[in-house]
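# Descriptive analysis of the structure
Listed below are the residues making up each chain.
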Number of protein chains: 2
Amino acid sequence: MKIVLIGSGNVASHLGKAISSLKGYPIAQVYSRTKLNAKKLADKLNCTSTDKISDLIPNADLYLIAVNDDEIIKVAGQLQNQIQSSSLVIHTSGSIYGAVLSPYFKNYGVFYPLQTFTKSKKMVYHNIPFLVVASSKRNTQIIIELAKQISNTVQICTDASKSIIHLSAALVNNFPNALFDIAAQLLNKHKLQFSLLIPLIEETVNKIRTIRPEEAQTGPAKRNDKSVLTHHRAILKPYPENWLKIYNEITSAIIARHHP
Amino acid sequence: MKIVLIGSGNVASHLGKAISSLKGYPIAQVYSRTKLNAKKLADKLNCTSTDKISDLIPNADLYLIAVNDDEIIKVAGQLQNQIQSSSLVIHTSGSIYGAVLSPYFKNYGVFYPLQTFTKSKKMVYHNIPFLVVASSKRNTQIIIELAKQISNTVQICTDASKSIIHLSAALVNNFPNALFDIAAQLLNKHKLQFSLLIPLIEETVNKIRTIRPEEAQTGPAKRNDKSVLTHHRAILKPYPENWLKIYNEITSAIIARHHP
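No experiment lies behind these values; they were computed from the predicted model shown.

Our next topic: the relation of the copies chain A and chain B. Between the two chain copies there is a screw-like relation: a rotation about an axis and a shift along it. Between the two copies, chain A and chain B, the superposition gives an RMSD of 0.0 Å; the rotation angle is 180 degrees and the shift along the axis is 0.0 Å. What we have between these two chains is a two-fold relation. The position closest to the rotation axis in chain A is occupied by the C-alpha of A:P176, lying 2.5 Å away.

As structure tokens, then:
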């Protein structure tokens, strides 16, 4: 199953690495609009590279589009006239529907790794959940076979449920990280170290492996402890207005949940 | 160093267990206003129990108050006339100042474990940071010696910096957990499993062990990807109003931080 990889960012690099270690899924070519990036990744994956759509191999079995969300439709439009009409074209986005590819290709789908990637960081791929959406049973099967070579958790879903999962991913990854960042700034202003909080953050995650988040909730908002909440709000007063708003909104949500 | 433990909740149970395994720190008695709870914990710690302040051993070296924040001052007031005036009295609260004990005792302090405790869950104590505040150098030394028997990370601080750390703990533990809970509810409404998100949550924490939260930030808000943000907001529309407000406030904070 000959594969062409479109993209050279975080997701393209990690998926390229994961796929290139599999048997039966040779990556033949890497495309990036930046010539050097295409070459760098291609060198790692031991394949050819190009920065021109017109130079793309036209007869690969699978075109894997791993570019920024807002580039997907543009790339699809360019790809359409360059490749065999029977080719399977899939993208890796959590937020963009698989159906956006339907005007351009007969065989299309999505192969969404539910994970946050850092380019330079080594990853264990086998426990990354892969969500699969496709235009036909046969295409679903092809994508699932590939995903199962990489991961132990592969799930078929619809574009609609993929969006729910993508939003949830923002809630549990992007947003907690933003809160870590606010805490880091606050501690830094007071010459205190963020690393003090690491064991607490680790335990936050440990807990939800075995108990539901609702049960794991602790803290002043959970107890509706007004004097502590007032004290925290006073501390936040001199900082960006936004921090206090975040504090108030999440506190309200916890109180509403636990003191209905 | 004879110790009396005041309280029988999560923190009292865990600290009692940690201290009772040390040499030279015998726990002589457990007090709880609920007789059965006092006895249950005392049985585990192999000591006596009481639910009457008037039955408290008057000549212990250390009284460790591990009760709800809003009970601390009341308990301190009751304790004052019951115990030797030379006794060291410390509480374990992150949010309550050590200084609240000063009207009642000559020797006082705080011994704040920066961790979230679940009563039934086993804990590793040696990597829990302990923050120590005390009324004198000598008292600081006594509390530090005890804390160092339990943990590898012991830090002296002031009441003011303890408050900053306590607020930060809410930001990195209570609030992310509340977001996990919202995601769990959202997924549940769509018959999707929260467990799908666990590897992503684990990686969120893995990242900040080695890179700063600011660098670890990813997602649509980080990219200021308006079409995804709009899509997420539309999904949240039918849910509690609060969820959308949280989404908008954290999104604004991320955009302000990364697109100043």
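The rest of the description comes next.
Time to look at the side chain of A:T50. All names here are of chain A. By the secondary structure assignment, T50 is in strand β3 (residues 48-50). The buried category is assigned to T50, whose relative accessible area is 7%. Of note is the side chain of T50, whose polar atom sits 2.9 Å from the backbone nitrogen of K52.

Let us now look at the sheet that holds strand β6 (residues 107-113) of chain B. All names here are of chain B. Taken together, the eight strands give an open sheet; going across it, the order is β3-β2-β1-β4-β5-β6-β7-β8, and neighbouring strands pair in mixed fashion. Only two strands of the sheet have a single partner each, and these edge strands are β3 (48-50) and β8 (154-156). When strand polarity is set aside, the average angle formed by the axes of neighbouring strands in this sheet is 20 degrees. Alignment of strand β1 (residues 3-6) against strand β2 (residues 27-31), held across four bridges, turns out to be parallel. Across the sheet, the residue bridging to L5 is V30, located in β2. Those strands touched by helix α5 (residues 159-189) are β5 (88-91), β6 and β7 (130-134), and its axis lies near 25 degrees from that of β6.

Before going further, it helps to examine the nonpolar core. Of all hydrophobic cores here, the largest spans 86 residues; its most connected members are A:F194, A:I250, B:F194 and B:I250. Setting aside residues up to four positions removed in sequence, A:F194 forms contacts with A:F180, A:A183, A:A184, A:L187, A:I201, B:V172, B:I208 and B:P213. Within the second largest apolar cluster, 32 residues are counted, among which are B:I19, B:Y25, B:L41 and B:L146.

Taken together, the contact between chain A and chain B spans 84 residues of the former and 85 residues of the latter. Here chain A packs against chain B, burying approximately 8100 Å² in sum over the two surfaces, 70% of which is carbon and sulfur. Three residues, A:V172, A:F175 and A:L196, lead the burial of chain A against chain B; their summed loss comes to 8% of the area buried on that side. Linking chain A with chain B are six salt bridges, by the criterion used here. With a closest N to O distance of 2.6 Å, B:E202 and A:R209 form a salt bridge. At the junction of chain A with chain B, the criterion picks out 32 residue pairs in polar contact (both at pLDDT 80 or more). At the level of secondary structure, the elements contributing two or more residues to the side of chain A that touches chain B comprise α5 (159-189), α6 (198-210), α7 (213-216), α8 (226-236) and α9 (241-258) of chain A.

This brings us to the packing of α8(A) against α5(B). Interhelical geometry of α8(A) versus α5(B) gives an angle of 100 degrees and a closest axis separation of 10 Å. In terms of axis orientation, α8(A) runs roughly perpendicular to α5(B). The residues of α5(B) that touch α8(A), namely those facing A:V228, A:H231, A:H232, A:I235 and A:L236, are B:S163, B:I164, B:H166, B:L167 and B:A170. When its residues are assigned to classes, the contact of α8(A) with α5(B) shows six nonpolar, four polar and no charged.

Across all of its chains, the model carries 22 salt bridges over all chains by this definition. Here B:E71 ties to B:R33 by a salt bridge, and the two come within 3.3 Å at their closest N and O atoms. Placement of B:E71 in the loop between β4 (62-65) and α3 (72-80) and of B:R33 in the loop between β2 and α2 (35-45) is noted, with a sequence separation of 38 residues between them. By relative accessible area, which is 55% here, B:R33 ends up exposed. One salt-bridge network, held together by shared partners, links A:D181, B:R212, B:E214, B:E215 and B:R257.

Glancing now at the environment of A:N10. All names here are of chain A. Tracing the sequence through the fold places N10 in helix α1 (residues 10-20). With 65 residues separating them in the primary sequence, N10 and V75 have C-alpha atoms 18 Å apart. With near-sequence residues (within four places) excluded, N10 lies in contact with F117, T118 and K119. In terms of polar contacts, N10 uses its side chain to reach the backbone carbonyl oxygen of F117, at 3.0 Å.

Residues and elements named next belong to chain A. A sheet is described by the order of its strands in space; here eight strands give the open sequence β3-β2-β1-β4-β5-β6-β7-β8, paired in mixed fashion. The open sheet has two edge strands with one neighbour each: β3 and β8 (154-156). Each strand axis lies, on average, 20 degrees off the axis of its neighbour in the sheet, ignoring direction. Strand contacts of helix α2 (residues 35-45): β1 (3-6), β2 (27-31) and β3, with the helix running at about 160 degrees to β2, the strand carrying the most contacts.

Rules used in this analysis
- Residues numbered from 1 in each chain as written.
- Chains lettered and ligands numbered in written order.
- Predicted model: local features only at pLDDT ≥ 70, side-chain atom pairs only at ≥ 80, totals over all residues.
- Heavy atoms only, no water.
- Least-squares fit on C-alpha atoms with pLDDT ≥ 70 in both.
- Helix = DSSP H or I, 4+ residues; strand = E, 2+ residues; numbered from the N terminus.
- Buried < 20%, exposed > 50% of the residue type's maximum accessible area, 1.4 Å probe, protein only.
- Polar contact = N/O pair within 3.5 Å; in protein donor to acceptor, adjacent residues only side chain to side chain.
- Pairing = 2+ DSSP bridges.
- Axes fitted to C-alpha atoms, helices over the stretch in contact; angles between N-to-C directions.
- Contact = heavy atoms within 4.5 Å.
- Core = buried A, V, L, I, M, F, W, Y, C linked by side-chain atoms within 4.5 Å.
- Buried area = accessible area lost by both parts, 1.4 Å probe.
- Salt bridge = Lys/Arg side-chain N within 4 Å of Asp/Glu carboxyl O.
- Parallel < 35°, antiparallel > 145°, perpendicular 65-115°, else oblique.
- Nonpolar A, V, L, I, M, F, W, Y, C, P; charged D, E, K, R; others polar.

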